[in-house]
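Spelled out, the chains give:
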Amino acid sequence: MIDRNNNGNNMLPFTNVDSNSNSSVKLNEDQYEVYVNGTFIGRKTLKTQGEDLSDIDDFLQNQGFSDFTTSVDGDHYKIHVDHKDDDMANALSVNFNNR
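Report on the accompanying structure.

Counting buried positions along strand β1 (residues 30-36) gives 5 out of 7 residues, so the element sits mostly inside the fold. Direction of pairing for β1 relative to strand β4 (residues 76-81): parallel, over a ladder of 4 bridges. Residue Val-36 lies in a different strand from β4, and its bridge partner there is Ile-79.

All right, on to the pairing of strand β3 (residues 68-73) then. A regular strand places its side chains on the two faces of the sheet in alternate fashion. Of the pairings in the sheet, the one linking β3 to β4 comprises 6 bridges and is antiparallel in character. Paired with Phe-68 across the bridge in β4 is Val-81.

Moving on, we get to the sheet that holds β4. Ordered by their spatial adjacency, 4 strands build an open sheet running β2-β1-β4-β3, and the pairing between neighbours is mixed. Looking along the sheet, the strands with just one partner apiece sit at the ends: β2 (39-46) and β3. Recorded for the sheet is a direction-independent mean angle of 25° between the axes of neighbouring strands. Its contacts with the sheet place helix α2 (residues 85-98) against β1, β2, β3 and β4, and it is angled at close to 35° to β2.

A general tendency of soluble globular proteins is for nonpolar side chains to be buried together. By size, the foremost hydrophobic cluster in this structure holds 19 residues, and its most contacted members are Ile-56, Leu-60, Ile-79, Met-88 and Leu-92. Looking at this core, the elements that each hand over two or more residues are β1, β2, α1 (54-62), β4 and α2. When residues of this core are assigned to their parent elements, the largest contribution, 5 residues, is made by α2. Residues within four places of Leu-60 in sequence aside, it is in contact with Phe-65, Phe-68, Ile-79, Met-88 and Leu-92.

Parameters and conventions
- Residues numbered from 1 in each chain as written.
- Predicted model: local features only at pLDDT ≥ 70, side-chain atom pairs only at ≥ 80, totals over all residues.
- Heavy atoms only, no water.
- Buried < 20%, exposed > 50% of the residue type's maximum accessible area, 1.4 Å probe, protein only.
- Helix = DSSP H or I, 4+ residues; strand = E, 2+ residues; numbered from the N terminus.
- Pairing = 2+ DSSP bridges.
- Axes fitted to C-alpha atoms, helices over the stretch in contact; angles between N-to-C directions.
- Contact = heavy atoms within 4.5 Å.
- Core = buried A, V, L, I, M, F, W, Y, C linked by side-chain atoms within 4.5 Å.

Keep in mind that these numbers describe shape and distance, not what the molecule does.
Written as structure tokens, this is what we have:
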């Protein structure tokens, strides 16, 4: 039944929402705590749909680091490096603070 007591506006509110659709729209920012050899360095926030944790790896490679491994454990991004961990930690810290 349509309520006609609304000044002639017989429009119903928009309610046709497909709750089963698999949309890839990013609703919230994902945030990860980044560690180098077990030491907390900072937080990496993925703000846009195109950002990914692999951006950290790309940044490190662009800074000249090549011998490191990474893993994700929940919201922790763990980086292991055998040498130059202080240099890597400093580069990441500057990068996180500049963003």
